[in-house]
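# Analysis of the macromolecular model
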Amino acid sequence: MEEGKKKQVYNPYLPLHEYIPDGEPHVFGDRVYVFGSHDKEGGTTFCMLDYVTWSAPVDDLTDWRYEGVIYKASQDPQYGSETPWFNHVEENTAASAKRDTVDHLQYMYAPDVTEGPDGRYYLYYAMGGDYGVGGYTCPISVAVADGPAGPYEFLGFVQYPDGTPMKRYVCFDPAVLNDGGTVRLYYGTQYDFEERPDFEENPEYMRQEVGMFGRTAEEIRSYPDSIMGPVTVTLKPDMLTIADEPRHIIPYRVKGTSFEEHPFFEASSMRKVGEKYYFVYSSMQNHELCYATSDHPDRDFTFGGTIVSNGDVGYKGRASENRLNMTGTTHGSIVEINGQWYVFYHRLTHKSDYSRQACAEKIEILPDGSIPQVEITSCGLNSGPLAGRGEYPAAICCNLTNGHMPHGSNRIYDFSFPNVNHRTVGEKTERFVSEICDGTLIGYKYFEFEGVSRLRLTAASESGGSFEVRISPEGPTVGELLLSPTEGQWKSFEGTVEIPDGIHGLFLTFHGEGTAELLFFEFI
């Protein structure tokens, strides 16, 4: 940081080498901590790494500190053993065929942390395997630490009073809320296989879909309401034993309800704002964080709206086919930090759902309790727009589209489209925007400009081309930078721009026959 230069933070708000999706932000004392799963840069499946956490002072969100590894998958007794709920992994041919490409069999998925009545901190999570296999069959594991940054030690499984692991409904994506001393656990997922007429008659479907829940069709049919959907259960003071029976918090079948257009999929998270409960979740759209509110923690929730979409779908009426990024899994929550509310979510990189980075945006809770959808930006947690001067990494783009970006799934796409990626040569790793093709739009929002007259790009190009410069996606051109072929090397290209003073975005549109890569941009 240059002397006298104001500290800033941009999205993603952690260093570009860090990949923490499913972020649950919590303020403990005078710091905010983010707990999430841990993806590997360029990973080949979900959540390949052990849990780490980062924290920042509540009065300086530019100053994120790495707290280190707080808990390892190997600490869970399920790790490395063929437990009953993992036995069906061998039947999944895709996972078996690719198992040698990943580090180990079992991974820890989205966690959450709360302070218990004894002043210690409790971490809740569920395990899974390669490509999600087994992720819906395990009980919920619990670890404990003396402080929010750990280190955590395995405590046990959420259990019935007789000590039997509790597996009522589908134990996935646990979230936890200490509500004035009453600790409530939330979890669940939702698939529509029960609606299929060939539910029990189609053996292949049973193996692939029903089998992944580790239950027989008869057991699944035994639920009078459904094995699916978001549920809650109250925990006893030991933070392990359930004090009542798990139950749905919103209807599983949503037709005719307020949830019909945005039904629950996964990623339960609960917050209490004043006397209202806010249930934050990922919808079946699988790119948006939605919320519902109630006067009660376990019932009577009404759909509120979408808080954020990682493709800006729905923002100002944007349709899904006009998504501004590759969309895909999302998970996060809301938190108040030093008087300002934020939503934490993640974005996708590397053309897959396996390398996801933590982002955040300011939100507003209106007097009527509603939360208007916010757009995704590059400035995120910053106190305001980013400074319209100096150099920035190209990988902080908040919009990246060729006009027909895909929706992510449990795979790495093998066809070409613009993406954030990385490359290691020797001991040096570079993170950049890759596979930029003709018509690709790369957007950054927002900067406060004053006296900017030139723009410098550090780029690589197969056959040359140009970047058209705008301050809004549909606005007039304010400059053009010509690129010559770089023969596989990074080169700097500089040109004149006419950027008016004030708060604007930066939007670069590539034109050329080949592809290009972008490493940095700099305002001069």
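### Some points on the overall build of the chain
Helix and strand counts for the chain come out as three helices and 33 strands. Its C-alpha atoms give the chain a radius of gyration of 23 Å, within 12% of the compact-globule value 24 Å for 524 residues. By principal-axis analysis of the C-alpha atoms, the chain measures approximately 75 × 50 × 50 Å. Expressed as a percentage of the 524 residues in the chain, the buried residues total 60%. Considering only contacts in the chain between residues 6 or more positions apart, those separated by 24 or more positions represent 62%. As displayed, the chain has an accessible area near 20,400 Å², and 48% of this comes from carbon and sulfur atoms. Counting 42 positive and 77 negative side-chain charges, the chain places the centres of these two groups 1 Å from one another.

### Let's talk about the side chain of Q373
Along the chain, the position of Q373 falls in the loop between β21 (356–363) and β22 (386–387). Among the residues examined, Q373 registers a relative accessible area of 19% and is labelled buried. Within the local environment of Q373, its side chain forms a polar contact with the backbone oxygen of V313, the two atoms lying 3.1 Å apart. Q373 has contacts with T306, I307, V308, S309, D312, V313, G314 and Y315, leaving out every residue within four places of it along the chain.

### What to know about the sheet that holds strand β19 (residues 333–337)
Pairing in this open sheet of three strands is antiparallel, and the strands run β19-β20-β21 from one edge to the other. A strand with exactly one partner marks an edge of an open sheet, and here the two such strands are β19 and β21. Each strand axis lies, on average, 35° off the axis of its neighbour in the sheet, ignoring direction. In terms of strand pairing, β19 meets strand β20 (residues 340–348) through five bridges, oriented antiparallel. Across the sheet, residue V335 finds its bridge partner in β20, namely Y342.

### A look at the nonpolar core
Counting residues in each nonpolar core, the largest one holds 37 residues, and the members touching the most others are I442, Y444, L455, L508 and L518. If you list the elements that add at least two residues to this core, you get β22, β26 (428–436), β27 (441–449), β28 (454–461), β29 (465–470), β30 (479–483), β32 (502–511) and β33 (516–523). Counting residues in each nonpolar core, the second largest holds 35 residues, with C47, F213, I220 and M228 among its members.

### Brief notes about empty space enclosed by the protein
One pass over the full model with this rule turns up one cavity of 30 Å³ or more. A volume near 260 Å³ is recorded for the largest cavity. At the level of elements, β20 and β25 (419–425) are the ones that each hand at least two residues to the lining of the largest cavity. The biggest single contributor to the lining of the largest cavity is β20, with three residues. Looking at the lining of the largest cavity residue by residue, the classes come out as 14 nonpolar, seven polar and two charged.

### Re the side chain of R347
Tracing the chain through its elements places R347 in strand β20. Although R347 is buried, it makes no salt bridge; E41 carries the closest opposite charge, 8.9 Å away.

### Some details on the packing of aromatic side chains
The final tally for this structure, using the stated rule, is 36 aromatic pairs. The structure contains a cluster of three or more aromatic residues connected by ring pairs, namely Y10, Y392, Y444, F447, F449, F521 and F523. Just above the ring of Y169 sits the side chain of R168; from NZ or CZ to the centre is 5.4 Å.

### A word on unusual backbone geometry
Residue P12 follows N11 across a cis peptide bond; omega there is -5°. Tracing the backbone through its elements, the reader meets P12 in the segment before β1 (24–28). In this chain, K445 is followed by Y446 through a cis amide linkage whose omega measures 0°. Among the secondary structure elements, Y446 is positioned in strand β27. Phi is positive for D22, close to 60°, though the residue is something other than glycine. Along the chain, D22 falls in the segment before β1. Judged by relative accessible area, which is 6%, D22 ranks as buried. Positive phi outside glycine occurs at Y169, with the angle close to 65°.

### Let's talk about the sheet that holds strand β2 (residues 31–35)
Ordered in space as β1-β2-β3-β4, the four strands form an open sheet in which the pairing is antiparallel. Looking at which strands have only one partner, the edges of the open sheet turn out to be β1 and β4 (65–71). Going from strand to strand, the sheet's axes swing by 30° on average, the running direction of each strand aside. Where β2 lies against strand β3 (residues 51–57), five bridges are found, and the strand directions are antiparallel. Following the sheet pairing, R31 is matched in β3 by P57.

### Considerations on the pattern of salt bridges
All told, the structure shown has 22 salt bridges when counted by the stated rule. Between R271 and E24 there is a salt bridge; the shortest N-O distance is 2.8 Å. Separated by 247 residues along the polypeptide, R271 in strand β15 (residues 264–273) and E24 in strand β1 bring together distant segments of the chain. The exposure classification of R271 matches that of E24, with both residues buried. Connected through shared salt-bridge partners, D244, R247, D298, R299 and D300 make up one network.

### So, the pairing of strand β13 (residues 231–235)
Taking burial as the measure, the five residues of β13 include five buried ones, the bulk of the element. Residues of β13 alternate between two faces, with V231, V233 and L235 on one and T232 and T234 on the opposite face, all of them buried. Across five bridges, the pairing between strand β12 (residues 182–187) and β13 is antiparallel. Each residue of the ladder has a partner; that of R184, found in β13, is T234.

### So, the confidence of the model for the chain
The pLDDT averaged across the chain works out to 91; a share of 90% of its residues lies at or above 70. Long-range and interchain partners of residues 84–104, a stretch whose pLDDT sits below 50, account for 46 contacts in this model, where long-range means more than four residues apart.

### So, the state of the cysteines
In total, this model carries zero disulfides according to the counting rule given. Sulfur of C47: no disulfide; nearest cysteine sulfur belongs to C138 and is 13 Å away. Accessibility expressed as a relative area gives 3% for C47, which makes it buried. Looking at C437, it has no disulfide partner, and the nearest cysteine sulfur is the one in C397, 13 Å off.

Parameters and conventions
- Counting of residues starts from 1 at the beginning of each chain's written sequence and follows it residue by residue.
- Two thresholds apply to this predicted model, a pLDDT of at least 70 for residue-level local features and 80 or more for giving and counting side-chain atom pairs, whereas whole-chain, interface and lining totals are computed over all residues.
- Here the side-chain values reflect all heavy atoms present in the structure, with hydrogen atoms and water set aside.
- Comment: elements are numbered from the N terminus, with helices defined as DSSP H or I runs of at least four residues and strands as E runs of at least two.
- Each radius of gyration is computed over the set of C-alpha atoms, and the globule rule expresses the reference value as 2.2 Å times the number of residues to the power 0.38.
- Only protein chains enter the accessibility calculation, which uses a 1.4 Å probe; a residue is then buried when its area is under 20% of its type maximum, exposed when over 50%, and partly exposed in between.
- Only heavy atoms enter the contact rule, under which two residues are in contact if any of them lie within 4.5 Å.
- Per-residue and other accessible areas follow the Shrake-Rupley method at a 1.4 Å probe size, with only the shown protein chains counted as cover for residues.
- In this tally, Lys and Arg are treated as positive and Asp and Glu as negative; His is ignored, and so are the chain termini.
- Just so you know, the charge point we use is NZ for Lys, CZ for Arg, CG for Asp and CD for Glu.
- Nitrogen and oxygen atoms within 3.5 Å of one another constitute a polar contact, given that in protein one can donate a hydrogen and the other can accept it, and given that sequence-neighbouring residues count only through two side-chain atoms.
- Here, strands pair whenever DSSP counts at least two bridges between them.
- Geometry is summarised by axes, namely lines fitted to C-alpha atoms with helices restricted to the contacting stretch, and by angles between N-to-C directions that run from 0 to 180 degrees.
- The set of buried Ala, Val, Leu, Ile, Met, Phe, Trp, Tyr and Cys residues whose side-chain atoms join them within 4.5 Å is what this entry labels a nonpolar core.
- Using protein atoms alone on a 1 Å grid, points that fit a 1.4 Å probe yet trap it form a cavity, whereas open point sets bounded by protein on both sides within 12 Å along at least five of seven lines form a pocket; residues with an atom within 4 Å of a point count as lining.
- Grid points are joined across faces, edges and corners, and a volume is the space filled by probe spheres set on the points.
- The nonpolar class holds Ala, Val, Leu, Ile, Met, Phe, Trp, Tyr, Cys and Pro. Asp, Glu, Lys and Arg form the charged class, and all remaining residues, Gly among them, are polar.
- What counts as a salt bridge is simple: a side-chain nitrogen of Lys or Arg found within 4 Å of a carboxyl oxygen of Asp or Glu.
- Note on aromatic contacts: the rings of Phe and Tyr and the six-membered ring of Trp form a pair at centre separations within 6.5 Å, being stacked when their planes are under 30 degrees apart, edge-to-face when over 60 apart, and tilted otherwise.
- Here, a charge over a ring is recorded when the distance from Lys NZ or Arg CZ to the ring centre is within 6 Å and its angle to the ring normal is within 35 degrees.
- The predictor's confidence in any single residue is recorded as pLDDT, a number from 0 to 100.
- Disulfides are defined as pairs of cysteine sulfur atoms found within 2.5 Å of each other.

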